[in-house]
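Coordinates in review
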Amino acid sequence: MMKKKLFINGKWLEAKNYAPLRSPYSGEVIAEIPSATIEEVEMALAAAYEARKVMAAMPSHQRAKILENIANLLEKRASEAAEIIAAEAAKPISTAQGEVARTIQTYKFAAEEAKRIKGETIPMDAAQGGEGRIAYTVREPLGVIGAITPFNFPMNLVAHKVGPAIASGNSVVLKPATQTPLSAYFLAELIEEAGLPAGAFNVITGSGALIGDKIVTDDRIQKISFTGSPAVGIGIRNKAGLKRVTLELGSNAAVIIDNGVNLDKLISRCVSGAFAFQGQVCISLQRIYVHEEMYENFVEKFVAETKTLKIGDPLDPSTDVSALISSKDVERTLQWIQDAEHSGAKVALGGTSEGNILLPTILLEADSCLKVSCQEVFAPIVLINKIKSVGEGIDRVNDSKYGLQAGVYTDNIYTALHAAEKLHVGGVMINDIPTYRVDHMPYGGVKESGIGREGVKYAIEEMTEQKLVVFNRN
């Protein structure tokens, strides 16, 4: 069993307190993790604050080289990285390997974008009184970024905060999720080898309430980048004051299936969107609205495809679905399923658990007011409901406090354009599931799904500030 240390100011420091980290799948203790004190958090903040000057002065080609080094080092240790994710998060190893591949790509995107940060010239003489003046803008780093990350993508969602921060010349204090700290400490090893200056990246683990609150309220932090629950995100926004804040919060993502589409081309895609990593994905497919003429056929095919999924050990390469992140989540979701049944929803498949594994569950005709409909399930549960038209589907999708991404399958270009206009979400995927994401696209939501955008280029814009320079030639 490994014992980790805090990574502060380029050094591995023994912590005053430790806590056991258990596998969500087996329940076995897999590591001893530091529980940072306020004094230790203070050390990380001080180191990052001091390093911000070094990072701001670093030329972009050097920042790009460091990010390339991180990507190359991760590529060499990709198998090890995937095993870490599978062990601490119970993410099926094949899915974990996919996350590592995306993480490598994210750091490569960050390396490229580090060399593209630029401003623009302003035609001052477009206004009276602007004659004889030359003006331009530049983008400068904010300073220290406080990154607070969730358990579900413990390497790639960290990369979406750390990569843009380094690319834009900021320093970072990272607070990873309590259940998935090993990925963050693994990244610290790579960063140490990649040549990032001491203090530019710091990892502190422990109580979210203690550490998170200190990061959010400390004046040395210029921006908070948070991915997690809406309740915590709203609390962060209320405490952050004038700090910049990016919040990637919850969702109950939906797809609309129009009449006449080829179901055989989309069933396996929809099953993957619903059940990949046990549904513990912000844009996991939770709600499916199918045209009434396609409904019975869709349900039959969807159930049959779901039955082919293999349940078991996350380290088994053939496993598709494994344990939820905690036993409390299993209890919660079973209660939600029971509530749905009592309200008239039909369980077409699943609805039970084996240890910490909730079996893939398909609910039919669940009322929109149920928790499984209107809240974020974050589990392998999907609803399939009948609609009379795409227009009705759009109304059902929009009838939510969330708005991250949505999908529409249709063969009609006019229907597609109408849906793209009317869906109130951050991203509309035409002829795909809402679970689609690549790492350089703008990603973020509306309503309680959050504020701000990730995707490396767009995160860099939010981690820098614009300065105007005007020369008077008169």
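Worth saying up front: this structure is predicted, and the values here are computed from it rather than measured.

Observations regarding helix 5 (residues 156-167)
Between the first and last C-alpha of helix 5 there are 16 Å, a value that for 12 residues agrees with the 16 Å anticipated at 1.5 Å per step. The buried fraction of helix 5 amounts to 12 of the 12 residues, a majority that puts the element mostly inside the structure. Buried residues of helix 5: N156, L157, V158, A159, H160, K161, V162, G163, P164, A165, I166 and A167, and no others. G169 sits one or two positions beyond helix 5 and adopts a positive phi of about 85°.

Quick notes on the pattern of salt bridges
Taken as a whole, this structure holds 25 salt bridges when the rule is applied. Note that D218 is salt-bridged to K214, the shortest N-O span being 3.3 Å. By relative accessible area, which is 8% here, D218 ends up buried. Residue class for K214 comes out partly exposed when judged on its relative accessible area of 22%. Salt bridges sharing common partners tie together K4, R77, E80 and E189.

Structural notes on the pairing of strand 22 (residues 427-430)
Judged by which residues are buried, strand 22 turns out to be one-sided: G427 and M429 face inward and are buried, whereas V428 and I430, on the alternate face, are not. In the sheet, strand 21 (residues 405-409) pairs with strand 22 via four bridges, with the strands oriented parallel. Bridge pairing in strand 22 places G407 opposite M429. Read from strand 21 through helix 14 (residues 413-422) to strand 22, the crossover connection turns out right-handed.

So, how was this worked out
- Residues numbered from 1 in each chain as written.
- Predicted model: local features only at pLDDT ≥ 70, side-chain atom pairs only at ≥ 80, totals over all residues.
- Heavy atoms only, no water.
- Helix = DSSP H or I, 4+ residues; strand = E, 2+ residues; numbered from the N terminus.
- Expected span 1.5 Å × (residues − 1).
- Buried < 20%, exposed > 50% of the residue type's maximum accessible area, 1.4 Å probe, protein only.
- Salt bridge = Lys/Arg side-chain N within 4 Å of Asp/Glu carboxyl O.
- Pairing = 2+ DSSP bridges.
- Right-handed = clockwise from strand over helix to strand, strands pointing away.

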